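Summary of the model geometry
Each chain, written out:
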Amino acid sequence: MSWLFGYSRPQQPPSDEPPANGGEPAAAAPVNLSKAEKKAMEAYRFDSSALERAAQAARELERSRHAKDALEISKLQETTRQQEQMAKIKEYEAAIEQAKVEQKRVDYEERRKTLQEETKQHQMRAQYQDQLAKTRYEEQLLQHQKSQDEILRKQEESVAKQEALRRATIEHEMELREKNKLKAIEAEARAKAKADRENRDITLEQIKLKAAENRTTILESIQTAGSVIGTGLNALVTDWDKTLAAAGGLSLLALGVYSAKGATSVAARFLEARIGKPTLVNETSRFSLLEAVKHPILTISRAVSNFKKPTDALGGVVLAPNLERRLRDIAIATKNTRMNKGFYRNLLMYGPPGTGKTLFSKKLAKHSGMEYAIMTGGDVAPMGKHAVAAIHKMFDWANTSRKGVLLFIDEADAFLRKRSSEHISEDLRAALNAFLYRTSDQSSRIMLVLASNTPQQFDSAINDRLDKMIEFGLPGLEERERLIRLYFDKFVLQPASQGKRRLNVDQFDYSLLCTKLAERTAGMSGRALSKLGVAWQAAAYASDDGRLTEQMCIDICDDAVQDHRQKMEWLSVEEKSRTMIPYLLDLPPLDKVTDAKKATITELPETKEERKTKKKTKEVELEK
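Residues numbered from 1 in each chain as written. Predicted model: local features only at pLDDT ≥ 70, side-chain atom pairs only at ≥ 80, totals over all residues. Heavy atoms only, no water.

As annotated in an unreviewed UniProt entry, the protein carries the name ATPase family AAA domain-containing protein 3 and comes from Danaus plexippus plexippus.

**Regarding the overall build of the protein**
So the rule is basically this: Strands are runs of DSSP state E lasting at least 2 residues, helices are runs of H or I lasting at least 4, and numbering of each runs from the N terminus. Only protein chains enter the accessibility calculation, which uses a 1.4 Å probe; a residue is then buried when its area is under 20% of its type maximum, exposed when over 50%, and partly exposed in between. Here a residue-residue contact requires only that any non-hydrogen atoms of the pair lie within 4.5 Å. For the area figures, the Shrake-Rupley method with a 1.4 Å probe applies, and any residue is considered shielded solely by the protein chains shown.
Along its length, the protein carries 19 helices and 10 strands. Counting across all 624 residues of the protein, residues that qualify as buried make up 25%. Restricting to contacts in the protein with at least 6 residues of sequence separation, those with at least 24 account for 78%. As displayed, the protein offers around 44,500 Å² of accessible surface, 56% of which is attributable to carbon and sulfur atoms.

**Describing helix H16 (residues 526–542)**
Note the cut-off: Here the expected span of a helix is defined as 1.5 Å times the quantity of residues minus one.
The terminal C-alpha atoms of H16, which comprises 17 residues, lie 24 Å apart, in line with the 24 Å expected from a rise of 1.5 Å per residue. Those residues of H16 not exposed but buried are Gly526, Leu529, Ser530, Leu532, Gly533, Trp536, Gln537, Ala539 and Ala540. Contact partners of the buried residues in H16: helix H14 (477–498), helix H15 (510–520), strand E8 (547–548) and helix H17 (550–570).

**Thoughts on the pattern of salt bridges**
The test is simple: By definition here, a salt bridge exists when the distance from a side-chain nitrogen of Lys or Arg to a carboxyl oxygen of Asp or Glu is within 4 Å.
Tallying each qualifying case throughout the model produces 17 salt bridges. Across the salt bridge formed by lysine 100 and glutamate 97, the nearest N and O atoms sit 4.0 Å from each other. Of this pair, lysine 100 and glutamate 97 are both found in helix H4 (residues 67–198), three residues apart, which corresponds to roughly one turn of the helix. One salt bridge in this structure joins glutamate 283 and lysine 362, with 3.1 Å as the shortest N-O distance. Pair noted here: glutamate 283 is in strand E1 (residues 281–284) and lysine 362 is in helix H10 (residues 357–368), with a separation of 79 residues, a long-range link. Assessed through its relative accessible area of 26%, glutamate 283 is described here as partly exposed. Relative accessible area serves as the criterion here: at 23%, lysine 362 is assigned to the partly exposed category.

**Structural notes on the packing of helix H11 (residues 387–399) against helix H12 (residues 426–438)**
How two helices sit against one another is set out by the angle between their axes and by the gap between those axes. Quick note on the threshold: Interaxial angle, 0 to 180 degrees, is taken between N-to-C directions of lines fitted to C-alpha atoms, where a helix line uses only the stretch in contact. Any angle from 65 to 115 degrees is called roughly perpendicular, while one under 35 is roughly parallel, one over 145 is roughly antiparallel, and all others are oblique. Each crossing gets its hand from how the near helix is turned against the far one by less than a right angle, where anticlockwise is left-handed and clockwise is right-handed. Residues are sorted three ways: Asp, Glu, Lys and Arg are charged, Ala, Val, Leu, Ile, Met, Phe, Trp, Tyr, Cys and Pro are nonpolar, and all the rest, Gly among them, are polar.
At a minimum axis distance of 8 Å, the contact between H11 and H12 shows a crossing angle of 20°. By the angle class used here, H11 and H12 are roughly parallel. Where H11 crosses over H12, the two elements pack in a sense that is right-handed. Contact residues: H11 offers Ala387, Val388, Ile391, His392, Phe395, Asp396 and Asn399, while H12 offers Ala430, Ala431, Ala434, Phe435, Tyr437 and Arg438. Split by residue class, the contact of H11 with H12 holds nine nonpolar, two polar and two charged.

**Considerations on the environment of alanine 496**
With respect to the helices and strands, alanine 496 occurs in helix H14. According to the relative accessible area criterion, alanine 496 is partly exposed, its value standing at 22%. Sequence separation between alanine 496 and arginine 547 is 51 residues, and the spatial gap between their C-alpha atoms is 9.5 Å. Setting aside residues up to four positions removed in sequence, alanine 496 forms contacts with Leu503 and Val505.

**Side note on unusual backbone geometry**
Within the chain, lysine 341 stands out as a residue other than glycine whose phi angle is a positive 55°. Mapped onto the elements, lysine 341 comes out in the loop between helix H9 (321–339) and strand E2 (347–350). Note on lysine 341: relative accessible area 74%, which makes it exposed.

**A word on the nonpolar core**
Applicable threshold: To define a nonpolar core, start from buried Ala, Val, Leu, Ile, Met, Phe, Trp, Tyr and Cys residues and group those joined through side-chain atoms within 4.5 Å.
Leu407, Ile409, Phe415, Leu416 and Leu450 are the most contacted members of the largest nonpolar core, which totals 32 residues. Elements represented by at least two residues in this core include exactly strand E3 (371–376), H11, strand E4 (405–410), H12, strand E5 (446–452) and helix H13 (460–464). When residues in this core are grouped by element, the largest group, seven residues, is from H11. In this view, leucine 416 contacts Leu432, Phe435, Leu450, Gln457, Phe458, Asp459 and Ile462; residues no more than four positions away in its chain are not counted.

**Points about the side chain of arginine 465**
Counted only if it meets this: His residues and chain termini do not enter the charge count, which takes Lys and Arg as positive and Asp and Glu as negative. As used in this structure description, the phrase polar contact means that two N or O atoms lie within 3.5 Å; if the pair is within protein, one of them must be able to donate a hydrogen and the other to accept it, and residues adjacent in sequence are counted only when both atoms belong to side chains.
Among the structural elements, arginine 465 can be located in the loop between H13 and strand E6 (468–471). No salt bridge forms around the buried arginine 465; measuring N to O, its nearest opposite-charge neighbour aspartate 464 is 4.6 Å away. Only 3.0 Å separates the side chain of arginine 465 from the backbone oxygen of alanine 461, close enough to count as a polar contact. Look past the residues within four positions of arginine 465 in its chain and what remains in contact with it is Asn346, Leu436, Thr439 and Ser440.

**As for the sheet that holds E2**
The line we're drawing: Two strands make a pair as long as DSSP finds a minimum of two bridges between them.
Read across the sheet, six strands follow the order E1-E3-E4-E5-E2-E6 without closing on themselves; strand pairing throughout is mixed. Across the chains shown, the open sheet's two edge strands, defined by having one partner strand only, are E1 and E6. Direction aside, neighbouring strands of the sheet carry axes that sit 20° apart on average. In this sheet, E6 lies alongside E2 in parallel orientation, the contact comprising four bridges. Residue pairing across strands places tyrosine 350 opposite glutamate 471, the latter belonging to E6. Strand contacts of H9: E2, E5 and E6, with the helix running at about 145° to E6, the strand carrying the most contacts.

**Some details on the confidence of the model for the protein**
Low-confidence regions, as indicated by low pLDDT, have predicted coordinates that should not be scrutinised in detail. To keep things clear, this is the line we draw: The pLDDT value expresses, per residue, how confident the predictor is, ranging between 0 and 100.
Confidence in the prediction for the protein averages 78 pLDDT; 77% of positions are at 70 or higher. Looking over the protein, one finds the lowest element-wise mean pLDDT in strand E10 (residues 599–601), namely 35, and the highest in H12, namely 91. Here residues 1–30 is modelled with pLDDT under 50, and outside its nearest four sequence neighbours on either side it reaches 14 contacts, counting other chains as well. The low-confidence segment residues 579–608, where pLDDT is below 50, has 60 contacts with residues more than four positions distant or belonging to other chains.

**Examining a nonpolar patch on the surface**
Applied cut-off: Like-charged residues within 9 Å of one another, or nonpolar side chains (Val, Leu, Ile, Met, Phe, Trp, Tyr) within 5 Å, are grouped into patches, provided each residue has over 30% relative accessible area and no salt bridge.
On the surface, a cluster of nonpolar side chains totalling about 320 Å² of accessible area is made up of Leu250, Leu253 and Val257. For valine 257, the location among the structural elements is in helix H6 (residues 240–275).

**Notes on the packing of aromatic side chains**
The description of two aromatic rings rests on the distance between their centres and on the angle between their planes. The cut-off we apply is this: Side-chain rings of Phe, Tyr and Trp, where Trp is taken by its six-membered ring, are said to pair if the distance between their centres is within 6.5 Å; with planes under 30 degrees apart they count as stacked, over 60 as edge-to-face, and otherwise as tilted.
Per the counting criterion, the structure on display carries seven aromatic pairs. Seen in terms of ring centroids, phenylalanine 488 and tyrosine 510 are 5.7 Å apart; in terms of plane orientation they differ by 45°. Their pairing is tilted. Separated by 22 residues along the polypeptide, phenylalanine 488 in helix H14 and tyrosine 510 in helix H15 bring together distant segments of the chain. What makes phenylalanine 488 buried here is its relative accessible area of 2%. Overall, the relative accessible area of 25% leaves tyrosine 510 in the partly exposed class. Residues phenylalanine 488 and tryptophan 536 carry aromatic rings whose centres are separated by 5.5 Å and whose planes lie at 75° to one another, so their mutual orientation is edge-to-face.

Below, the structure is given as structure tokens:
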């Protein structure tokens, strides 16, 4: 509407036309006025040109045909401006609300940080108070322990004094009793000797009368027996019916005796096969009535363990990853074979001693739900000619099992030797033939597992009956570390934590120690490492305060490694080349402790035997 009132309209130049009222000016300017008067007049002057232009525009607008549209447009423009103003007002209000929300968020964040800091301070205060309480409690326990020790010491001293007094009293009483007893015995002996001297004639007369009566009784008995036997023989010879009856009775008596002896033998063998165990079996998980009578507690524990869920076949056994994978496949196949009533596969486990062959066999039997029986090959040869019967009894006993029997033969090369090149006795050859006869076919009741350190000594027929051969090698670095950790925890840490034994462990890094010892024990078997754990325990028991230190562990390990090296040197050339040569190469040098706090590595001097062994090893490898 600004153009309507002439605000933005350009000013028109003054027109030359005379005014409408006759050409007279509207108001004549006063003349002859001073500057102040002119300025005062201009202050009160009103310019009406704008109003005139507005009136003229209004008249033109009224005469125009778009007057009403222009008015509507003006109203719409005014409404639009008001709406824009309202929108700006709302935006301003929203900005104010957003600022308030932001301010509240900042306040909340400050409050949250304050609460966190307060919580942290409370926790630190609580921890400090807890630490103080623990310290006070430990001090109280220490004081209580000291007082208890003092009381116990006084009690022990008092008990020792009382025991000494009681012992002295008892000794004095025993001494007096012994003196009185000796005096009584002496008096009784004197009285008896005096009575014997006085009654000597009467005693001799009684002895003579008893001897005469005995002689008369014996003579009469001999005469009576002779007359009775003579009469019987006379009647037996003269009467043939009595003779035949006597002969028939004796014959029937002999037949009854021999029949009873044979039936008893058959029944004994039957009962031995059912309720006993064969002579060759040293250990078995199968129930036996005789073993239950001999060892009831062991039998009950085995029966309870049979009801438990089967454990992992490799639980507690530390082996190389590749060997673990193969053994786990064998355990799964054996378990499925038993469940499906298939034929078992015979196994050969060979390698150095102490590598876990027997342990895995027991766990394999338990995992697959079978019963196991363990025998030693060295028990066959001493039996001589009875070995064949013992082998048949063992297989007959195993065939009666409904679950199946895992027959583990340790040191099997002791009687399964080559018949062609080995010099074996006839009894041992017959036992080997009997074993070959009983294992000629695959069995669904017996799984044969052989263990040997020298499998090259087996007879070719034995090798033909083996379906799978597994080598148990010495543990590597990772396996030795796992074994050392296992035995250190079993023999040292667990007894020390229980507090039931006189065993304490010094503060040091156990993990780092196990890693160091694993590097130092190259070439040692699992059994040797278990003995190392037992040696640590024994060293702690032998110490003054029952404490095991890190240096003690290192010293014991060095001694064990030195002993192991000496045992390896004692092996014959044939044993080294056949059994241990793959595991004797590249052994690390032995560490020797030169200071109480620091261990230095020094290499042992090479002996002549070691040089010869290395030379022969290189020749064997070149030949291969």
